[in-house]
Each structure stands twice: as C-alpha cells, then as structure tokens.
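Close look at the chain arrangement
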Amino acid sequence: MIKRVAWIIMLWIGGVSHGQISKTVAPYVLIVQPIVLQSDEGTDPASIMIPEDLVDQAYQKAGVDFRFLEPIYFNHTQARDGLINLDSIVVLARQKKLIKGQDDLINMFFVNAVDGQKGPLGRGMMGGNLTFISLGDSLGAEDRYLQAFVIAHEVGHNLSLKHAAVDKKVPTSIPNLQGEGEFKYRVDPKYSLNPYQIRIIHQSPLIHPRVDFLDSQRGSKAILDESYEPYFSQLQIREIEAFTQSRVPSSDLDSVRRYAKEKFADAVVNFTEDEKERISFVLNKVHQTLIENDLHLMADQPWRFIKIEDWLCGGFAHTRGTYIILSQRHIDHLTQNWSTSMSAEDEQQLVEKMGKLLVHEQMHSLQRTFKSKFDVLYSDYWNFQKAQVTHERQIALNQVSNPDAPVAEWLIPHPTKANEFFWIRTLLKETQGIPQMGKDFVDTVFTVKEKMGVFTVEKSKKNVPITTDLDKIAFYKNAFPVSRGIDHPNEISAYLFADYFQAILTSSKPFPQAHPNSSKNSKRFIQWIQENMNK
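Residues numbered from 1 in each chain as written. Predicted model: local features only at pLDDT ≥ 70, side-chain atom pairs only at ≥ 80, totals over all residues. Heavy atoms only, no water.

**What to know about the layout of surface pockets**
If you add up the space inside the largest pocket, you get close to 1,000 Å³. Forming the walls of the largest pocket are 35 residues, and the residues nearest its centre are His360, Arg484, Gly485, Glu491 and Tyr495. Mapped by element, the contributors of at least two residues to the lining of the largest pocket are α12 (328-334), α13 (344-369), β19 (441-451) and α17 (489-505). At six residues, the largest contribution of residues to the lining of the largest pocket is made by α13. Split by residue class, the lining of the largest pocket holds 16 nonpolar, ten polar and nine charged. (1 Å grid on protein atoms, 1.4 Å probe; cavity = no way out; pocket = protein on both sides within 12 Å on 5 of 7 lines; lining within 4 Å. Points joined across faces, edges and corners; volume = space filled by probe spheres on them. Helix = DSSP H or I, 4+ residues; strand = E, 2+ residues; numbered from the N terminus. Nonpolar A, V, L, I, M, F, W, Y, C, P; charged D, E, K, R; others polar.)

**A few points about the environment of arginine 247**
Here arginine 247 shows up in the loop between α8 (237-244) and α9 (253-266). The sequence separation of arginine 247 and glycine 433 amounts to 186 residues, and the corresponding C-alpha distance is 9.0 Å. With residues up to four places along the chain from it excluded, the contact list for arginine 247 reads Glu241, Tyr259, Gln432, Gly433 and Ile434. (Contact = heavy atoms within 4.5 Å.)

**Brief notes about helix α3 (residues 86-95)**
Taken together, the buried positions of α3 are occupied by Leu86, Asp87, Ile89, Val90 and Ala93. In an axial view of α3, the angular spread of the buried residues amounts to 160 degrees, which keeps them on one side of the axis. Lysine 97 sits one or two positions beyond α3 and adopts a positive phi of about 60 degrees. (Buried < 20%, exposed > 50% of the residue type's maximum accessible area, 1.4 Å probe, protein only. Arc of directions from axis to C-beta.)

**So, the pairing of strand β13 (residues 303-308)**
Buried residues dominate β13, accounting for six of its six residues. Alternating positions in β13 separate into two faces, Trp303, Phe305 and Lys307 on one and Arg304, Ile306 and Ile308 on the other, with burial throughout. Judged from the three bridges that link them, strand β11 (residues 211-213) and β13 form a sheet pairing that is parallel. By the bridge assignment for β13, phenylalanine 213 is matched with phenylalanine 305. (Pairing = 2+ DSSP bridges.)

**A closer look at the environment of phenylalanine 422**
Turning to its location among the elements, phenylalanine 422 is positioned in strand β18 (residues 420-428). Separated by 25 residues in the primary sequence, phenylalanine 422 and threonine 447 have C-alpha atoms spaced 4.8 Å apart. Ignoring any residue separated from it by four or fewer positions in sequence, one finds phenylalanine 422 in contact with Leu411, Ile412, His414, Pro415, Val445, Phe446, Thr447, Ile473 and Phe475.

**Considerations on empty space enclosed by the protein**
Space inside the largest cavity adds up to approximately 50 Å³. Taken together, Asp225, Glu226, Ser227, Tyr228, Glu229, Pro230, Tyr231, Arg320, Gly321, Arg368, Pro403 and Pro406 form the lining of the largest cavity. The class makeup of the residues in the lining of the largest cavity is five nonpolar, two polar and five charged. Its boundaries defined by the atoms lining it, the second largest cavity holds a volume of some 30 Å³. Together, Phe384, Trp410, Ile412, Ile424, Tyr476, Ile486, Asp487 and His488 line the second largest cavity. Its residues assigned to classes, the lining of the second largest cavity comprises six nonpolar, one polar and one charged.

Printed below as a string of structure tokens:
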C-alpha cells in the first residue's frame, strides 16, 4: 500500500550575499527534471512545449530562474494517456529509477491526460517535488501564456502556494499566479506574485542559491545521491577500503556498502565563511567568462558544493549527482594566494587555477543532466562504442569506481578488426594492506569481442581475462591532447574543457601542443562545444 499524496488540481477550460554570482542573473535557481511519457513502444511522446522565458518571468520578482534539465523518457501508454492514477505512475517511475534528486528538485511528468482529463491542465504535489503537466494539442503563439501558466502555477503548489480562493493573503481582485485573470497577466511579474507569496517561495527546500554551499547536514544526505547513476550500490570491498582508508567491518557486501555510506556521510563538514568568499569570488569571474563566450549550458547550471575531510577518497575533487565535492586540502591549496587586496597577477593565477578545476567538475554535472549531448560527442565525434560488457567477477573485485564516470559503458573500436574493442578499467594493484588512493591504481586494457549484440571480455585458456598495457594501444593513447583521465570519455571531455577554458582566460590558442593524431579529436571537440554549449 502507498500513502496517497496531496495533489492540487487546476483545470482550465475556455480561458478561465554568498551564492549571488552576478547582478545580471537571478540569485535563486529551481531545478526541473522533465519526464516525458510516451507509448510502450517508445513513440508518440506527450507534448513538452516549455515557454521557459514566460515561466521565468512569472517568478522574476522572487529572483528565481528555472533550470530545465534534459528530458528523460518513460515508456508507458496508460500512464501517458491518464488511464492509471498518479500515485501508480510515481511508483512505476521510482521502480525504473526515473525520479531524480533527493527532494531538492522538481520531477515534472508531461502526459496527454491526467486521470482521464486532457489538458491544458496540471497537478502539483503541495509542498512536494512531483508535478504532472498536460499541455494539450499544439497551440498558437498567444497560448504560450496558457502553457507557461499551467507549469508556473503547478510549481507554485510544489513551493507551498495555495489558491487565492482559499488564501486570504492573496487578493482575488487582481491577477495572480494562484488566482484569476487573463493568463498573460497571471504570469506577468507585475501581478504574478505578492510579497507574502515570495516569502513562502524562499522558504522552500526546492529553491537554491545559484551558488549553494551545503552545510554538513544537507551535504551528508546529498553525497549519497544515486538517482542519476549507480555508485554505492556497485562498490566492492577493496575499493571501499581505499576510499575510506579503513578496514571494512564485515565480508558481507551489503553490510560493507552500508558502511561506505556511513563513512561518506560522516566525512562531510561545513564550509567556513572565508572559504565561501574565496570560491564565490572565483565563480563570479568564471561565470562572466562563460557568458561572454556563449557557454550558456554551463553558465546556467547551478553551482552546488559539498565539503569533505581530507581522508575521504584521498581528498580528490569529484562529484555526485549535481554536486561538486571539495576537500579541505584542495580548497587550501587552490586559494593559498587569496587575499582581498591581491594583485592583478595573483588574481589571474587564482582564477586560472581554481576556475580550471571548477569547470572540470561542473562538466561532470552536465554529463549527468544533459546525457544525450555527451553521448553524441563520444560516439559521433570521437567514435567510442557504447555497450554493456558482460559482468566479470575477477575484474569487479579489484575495480575502482570513478565517481565521475561510474558506469564503464564506452569501448574503443579496434582500428583494423571488426567486432573487436578495447575496454579500459582502473583497477587496484595487489597490496598487503589497505590500497592507497592513486598510488595503487593501474589502468588496465581488456579486449572485448562482440557477437550477436553481446559484448564479452576475451579470456585465456585458463579462463582468465587477457590484459594489455595502455602503451600497447598507442593509436588511442595519442588520440587526445591529455595524458590523464583517458580511461573514460567523461574524464577526457572534462580535462579538455578545463584546458579550453584556460585558453579563453589567457586569450591563447587551445591545445597548442596537441599530438598530430589528436588534432582531429581536438577540433571536433571545439566544434561540439560551439554546437552544444551555447544554449
């Protein structure tokens, strides 16, 4: 049995300080994950026309900018057509791991009908993170106001706004986002929200500063997020010991994974006010540079930070979901020359050094939330092959799950042999004690063969996976102008973008020392940036 949620319906028939990155953008962000229902066969998706400019306009006085992530698709004809109830749809979506975030963003389902009623209409979960939207058939330009209103109104319920008819502090004599009037005026910032409603909005856990430094309580929850991809659920004993620098208390894998979650959560600490000031200073410069160079895909992505103690994961910077995780050591090292009266030269070095790291990590956030853009980069521009390799226990036992690329789904085609690929995995060396971060890592290359759509690791006569050294596939090692992170295209694209960003900052040519074999992929990457990161 599930507890029925409190849905608020609106049906329209016949027309009835820290964290402020710049004065030119809204100081607050609301993240929306669109989930588009389509047929069982994966065709005929529900309408997802989002007039984002008008939705943003409705919340302009509250200083809130909507960040719509890349849509994900849910194949279910009955759910799309309103033939099963909303609670059942949510249960199915959770089972398929389509619900994103940890109650810190809105999961917005686009359907053809809600409980059998066709749109335009919507239902928003009062004070919750779920919304259903049915935009109806294609509408004219004027009806963009209606579309925007339905979305903005239902989100208002998620933010705990009540209908004007039942809230005495919202006058019904003038247009309002939760009241009556022409749709054009109800999303007009002059009328859409009053000061009382804005105060309620700012109290919602769904509203975040554009630069958000999580405290230890919020960070301890956020660092465990697996809604975008598996992580803790696939960790093995040896890598857990390496990440936590401790002996695990059991040989039972489920127990050890619970132990890993506890250790990761315990490692989260608060940022100091000085640290917030340093990072915010750099981010202002980074954001300005991104905007000036039409890199809006990253510029519009909120910056969300978690701070950890140095012992976790060797103090390496990494990400989880949409969060960037920084250690005390990293913060101190990158901002050691910081002062409020630093010279122009010191400021430039600070922005280059820390800005380069920050954009690298933010690329990992984009890789999760705009996945199809990166799939195109990896497969169409760089010729990687996406595949699910048959599980090999001997490999898994010594694996190192990169938190920024935990799904090892990309293969390197053999340059001359059809249906043969190379698969790079980072493994732990054999050690007497607890494996050490970095020191005991080794990139290992496996040969994978494909037969009738099944990808399997090639093995010796003794049934042991055959390995080779990365140097033995020089055609690939020299294919990109980076020497680190070439085990996964997520890392390659993050390192390349960091170098590209640095070239912009210094008004220099990107990848000047590129190997002749890598110039093609470098040029393709710049082309991809120009085509995909300007919106």
